[in-house]
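Chain and residue survey
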Amino acid sequence: MSIVDQTRQDDVLVLTINNPPVNAFSPGVPEGLKAGLDAAAADDTVRAVVIIGGGRTFVAGADIRTFNLPREQSPDLRGTIQKLDGFAKPTVAAIHGTALGGGLELAMGCTYRVAVKDAQVGLPEVKLGVLPGAGGTQRLPRVVGAQKALEMMLSGNPIRATEAHQLGLIDRIVDGDLLAGAVEFAREMADARPLPRISDRPVEGASPEVFAAAREGIKKSHRGQLSPSLIIDLAEMAATVPFQQGWDAEAGKFMEAKDSPQSRGLRHIFFAERESARIPGITKDTPTTEIKSAGIIGAGTMGGGIAMNFLNAGIPVTIVETAQDALDRGLAVIRRNYENTAKKGRMTMDDVETRMGLLTPTVDMTALKDADIIIEAVYENMDVKKDIFTKLDAIAKPGAILASNTSTLDVNEIASVTTRPESVIGLHFFSPANVMKLLEIVRADKTSDSVLATSMALAKKIRKVGVVVGVCDGFVGNRMVHRYGDEARKIVEEGARPEDVDASMNALGLPMGPFQMSDMAGLDIGYAIRQHQAKVAGKLKPDGWLDRIVERGRKGQKTQAGIYDYDETRRPKPNAEMQQLIEDYRAEKGITPREITPEESTKRLAYSLVNEGAKILEEGIAQRAGDIDVIYIYGYGFPAYRGGPMQYASEQGLSSVVADLEKYGQTPAPLLKRLADEGKTFADYDAERGRG
Ligand code: CAA
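Here, residues in each chain are numbered from 1, in the same order as that chain's written sequence. Side-chain atom pairs in this predicted model are given and counted only at pLDDT of 80 or more, local residue features only at pLDDT of at least 70, and totals for whole chains, interfaces and linings cover all residues. For side-chain calculations, the full set of non-hydrogen atoms in the structure is used, while hydrogens and water are omitted.

Considering the pairing of strand β10 (residues 294-297)
Formally: In this scheme, a residue with accessible area under 20% of its type's maximum is buried, one over 50% is exposed, and one in between is partly exposed, where area comes from a 1.4 Å probe on protein chains only. Only runs of H or I of at least four residues qualify as helices and only runs of E of at least two qualify as strands under DSSP, and these elements are numbered from the N terminus. Strand pairing is defined by DSSP finding a minimum of two bridges between the two strands. Here, the term right-handed applies to a crossover whose path from the first strand over the helix to the second runs clockwise when the strands point away from the viewer.
A two-sided burial pattern is seen for β10, the buried positions comprising A294 and I296 on one face and G295 and I297 on the other. Inspection of the sheet shows β10 paired to strand β13 (residues 373-376) by four bridges, in the parallel sense. In the strand pairing of β13, A294 is matched with I373. As judged from the four bridges shared by β10 and strand β11 (residues 317-320), these two strands associate in the parallel manner. What sits directly across from I297, in β11, is V320. Once the chain exits β10 it traverses helix α12 (residues 301-312) before rejoining the sheet at β11, and the crossover so formed is right-handed.

What to know about the site of the ligand
Spelled out, the test is: One heavy atom within 4 Å of a molecule or strand is enough for the residue carrying it to be called near that molecule or strand. Pairs of N or O atoms are called polar contacts if they sit within 3.5 Å, as long as, within protein, a hydrogen donor faces a hydrogen acceptor (for residues adjacent in sequence, only side-chain-to-side-chain pairs). Here, Shrake-Rupley sampling with a 1.4 Å probe gives the accessible areas, and only protein chains in the shown set may cover a residue. Under the grouping applied here, Gly and all other residues not named as nonpolar or charged are polar, the nonpolar ones being Ala, Val, Leu, Ile, Met, Phe, Trp, Tyr, Cys and Pro and the charged ones Asp, Glu, Lys and Arg.
Near the ligand you find 26 residues, and of these R56, G102, E105, E125 and R274 are the closest. One of the backbone N or O atoms of G133 is found 3.0 Å from an oxygen atom in the ligand. Here R274 contributes a side-chain N or O atom positioned 2.8 Å from an oxygen atom of the ligand. The protein chains hide 74% of the 980 Å² of surface that the ligand would expose on its own. Among the elements of the structure, α3 (102-109) and α11 (261-275) are those that each provide at least two residues to the shell around the ligand. Here the shell around the ligand takes three residues from α11, the largest share from any one element. Taken together, the residues that form the shell around the ligand break down as 16 nonpolar, four polar and six charged.

A word on the pairing of strand β3 (residues 48-53)
Extensive coverage of β3 is indicated by the burial of six of its six residues. By the alternation rule, side chains of β3 split into A48, V50 and I52 and V49, I51 and G53, which are all buried. As defined by bridge partners, strand β2 (residues 12-17) adjoins β3 across six bridges and the pair is classed as parallel. Bridging across to β3, V12 finds its partner in A48. This β-α-β element, β2 to helix α1 (residues 29-42) to β3, shows right-handed connectivity. Pairing analysis gives four bridges linking β3 to strand β4 (residues 91-95), with the strands arranged parallel. Its bridge partner lying in β4, I52 is registered against A94. Considered for its hand, the β-α-β crossover made up of β3, helix α2 (residues 77-85) and β4 is right-handed.

Some thoughts on the UniProt feature "domain: 3-hydroxyacyl-CoA dehydrogenase C-terminal" (unreviewed entry) in the chain
Short version of the rule: UniProt positions are given in the numbering used here, feature names are shortened, and annotations may be inferred rather than shown by experiment.
Here, UniProt's "domain: 3-hydroxyacyl-CoA dehydrogenase C-terminal" (unreviewed entry) annotation points to residues 474-566. Between the C-alpha atoms that bound residues 474-566 there is a distance of 28 Å. The span itself is 62% helix and 2% strand.

Details of the UniProt feature "domain: 3-hydroxyacyl-CoA dehydrogenase NAD binding" (unreviewed entry) in the chain
Here the UniProt-annotated "domain: 3-hydroxyacyl-CoA dehydrogenase NAD binding" (unreviewed entry) positions come out as residues 294-470. With 41% helix and 21% strand, residues 294-470 has its two end C-alpha atoms placed 24 Å apart.

With respect to the side chain of S404
To keep it simple, the criterion reads: Two residues form a contact once any of their heavy atoms are found within 4.5 Å.
Examined against the element boundaries, S404 turns out to sit in strand β14 (residues 401-404). A relative accessible area of 0% places S404 in the buried class. Here T406 takes part through its backbone nitrogen, which lies 3.1 Å from a polar atom of the side chain of S404. Each residue touching S404, except ones within four places of it in the same chain, is listed here: E376, K385, F389, I414, I425, G426 and L427.

Concerning the nonpolar core
Buried together is how nonpolar side chains tend to be arranged in soluble globular proteins. We apply this condition: By convention a nonpolar core is built from buried Ala, Val, Leu, Ile, Met, Phe, Trp, Tyr and Cys residues, the set being connected through side-chain atoms within 4.5 Å.
By size, the foremost hydrophobic cluster in this structure holds 91 residues, and its most contacted members are V476, W545, L617, L672 and F682. The residues contacting L672, other than those within four sequence positions of it, are N611, A614, L654, V657, V658, L661 and F682. Judged by nonpolar contacts, the second largest core, of 85 residues, contains A146, M153, F185 and A238.

Regarding the layout of surface pockets
To keep it simple, the criterion reads: The rule is simple: put a 1 Å grid over the protein atoms alone, call a set of points where a 1.4 Å probe fits but cannot get out a cavity, call an open set with protein on both sides within 12 Å along at least five of seven lines a pocket, and count a residue as lining if it has an atom within 4 Å of a point. Grid points are joined across faces, edges and corners, and a volume is the space filled by probe spheres set on the points.
Space inside the second largest pocket adds up to approximately 240 Å³. Taken together, I297, G298, V320, E321, T322, V363, M365, V378, V384, D387, I388 and K391 make up the full set of residues lining the second largest pocket. It is helix α15 (residues 382-395) that provides the largest number of residues to the lining of the second largest pocket, a total of four residues. Broken down by class, the residue content of the lining of the second largest pocket amounts to seven nonpolar, two polar and three charged.

Digging into the sheet that holds β11
Which entries qualify depends on this criterion: Axes here mean lines fitted to C-alpha atoms, for a helix over just the part in contact, with angles spanning 0 to 180 degrees between N-to-C directions.
The strand order β12-β11-β10-β13-β14-β15-β16-β17 describes an open sheet built from eight strands, whose pairing is mixed. The open sheet is flanked by β12 (359-362) and β17 (465-470), the only strands paired with a single partner. Pairwise comparison of adjacent strand axes, ignoring direction, gives a mean angle of 25° for this sheet. Pairing geometry for β13 and β14, over four bridges, is parallel. Looking at β14, one finds that I375 is bridged to A403. The strands touched by helix α17 (residues 449-461) within the sheet are β13, β14, β15 (424-429), β16 (438-443) and β17, with β16 carrying the most contacts at an inclination of about 180°.

What about the confidence of the model for the chain?
Going by this rule: pLDDT expresses how confident the predictor is about each individual residue, on a scale running from 0 to 100.
Per-chain confidence: the chain averages 96 in pLDDT, with 100% of residues scoring 70 or above. Among the scores for the predicted complex, ipTM is 0.98 and pTM is 0.94.

Re the sheet that holds strand β6 (residues 112-116)
The six strands lie next to each other as β1-β2-β3-β4-β6-β9, forming an open sheet whose pairing is mixed. One side of each edge strand has no neighbouring strand; the edge strands of this open sheet are β1 (4-9) and β9 (172-174). Between one strand and the next, the sheet's axes are offset by a mean angle of 25°, whatever the strand orientation. By the bridge criterion, six bridges tie β1 to β2 in an arrangement that is antiparallel.

Printed below as a string of structure tokens:
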């Protein structure tokens, strides 16, 4: 088997691409396809050509790993498509699995496209910070019209073959054997002349308003991003200039997007997310158990949100509360959430009932005796958690996973009260738990490999991105965010206004700055943590400006008053009294306020995350810098196009990060300093350890 096999079916030449796992357009594929086309051109007995993918899919796109290669070494997708476009005999793309990006572009370079009905096609390049660079921006609008093409290219989401068929993007849906159907179709079309070419067609529905609306739309949906506006410009060119001119322009804009830090960031996250699923010591052979039922303790916001993940995946849940009224309230919230989704048309009322039917509410903890996994989701108090785990140890069946949703506490200590610490693990969901994709999987000292592997598989099943972390105060995400919160408060203490600090992070692309985030999470939580930490360390009761705000009963959004004021729109409004409180605080402490630029604020905050991240890496709490980036993107809204905090720092240059940390009075972590001295990046660090 070669990378592109040539086989004859009488008068049709079949070119089969064999480049597992997803038939990406890697080196060798263009050469093989071009050789096949040359062979077909040279042989009068060949009347048509079929291109098909071997294995599980058609071509899933350009090979993203080759994006870092110099241009002359990149696989020649554009040349291959040009050759197809000018080819004198009919060519048929036979699609199963996914035809994505360069895969769909290749198919659109063919004369015809056939597909099995469960195939999917799309141009997802925007998700990698690039644009369809092999004719997609010029051909897709010519097939499906300007509006639909913009929708597909700007969302990056694929469509089903059946929809593509209705749109004319697929010429025939093949029932049964794809190859046989494709060959039959090729024979039917073998004598069609002139050959229809997408590049000859006009663009339907290309009014200036369509492009203006798209430009307006991306201000919100893709704020701060480069490639969406390039996509719109090119789609407009498809409608307004000859094909060749649009095709040439696309090549230049593709390179511009590909070489941008935004695309490097998004590509980094694409691979980091897949890499984070790999855990040293855990293999395909590590035994896992199938989770067929779940128990959840606590029907509050977290418990209810966690339950919804299982219900959505069709896994029955028993949810336990201490009192009936709390249980009823929790259930009502879950139902209301589902009904709201149904009102938006994203679920039917039958779906709501099916999910609610999988939920068993109870105030009797012994009802958890048959559950395969039990997740404790009560408030952060070690004594309460220990009490629950002692009871669970007596109730749960042997082999059940006993998980805590703690966001900061020591999972080893929790496990120590059971007779089966190997079954205990931390599963830290992020609020709102039914929405946020991140799941920090906290591996305690005695957690067994099997419990860890089962938890990773479970994360996938309930559509979360699971990242394994070690035990420490706050694990990865919250430990870093605590440091970030400290720095944010310090910046205000020194002279900035909270709204300016938030704006400096909004400018980096975070939907919420540190104070907007703490108002949302509840200021009392951070307050309690600071009080507790001071007590443990034998220090005086903390008395920062923020502590004083909380002591006025302002707990954030939930009391409609925190650092900011809130009305029903939940939009933060600065409060003059709080500003005065801050000024009085500075005066009392003898602090002369100074002007802090947005640039200083952004750097201090972003680099405080990075510095703590570097310590976490050194301590082995996170396995890779890439894992930290995945955690920040899926758990804290760090913009994916920045690649996460560690990748962002690498883009800035680690030596400049070190210099800035020192300039602003933070001590750089030894690992950060070492990498900076050696001129390396965090990706180099991951690669050094074989984890890149
Ligand atoms: N290039 C290189 N490697 C790729 C790849 C690509 N386009 N697509 C997937 N892979 C790799 C993954 O990294 C993964 O590798 P490991 O096993 O080593 O981790 C492996 O293929 C399997 O991928 P998934 O784990 O994601 O498998 P899945 O079955 O869950 O999903 C998929 C399959 C839907 C194709 C998904 O991988 C995907 O969405 N891939 C990206 C598709 C894409 O973005 N294509 C456009 C590329 S850009 C382009 O084409 C530019 C252009 O216009 C010229």
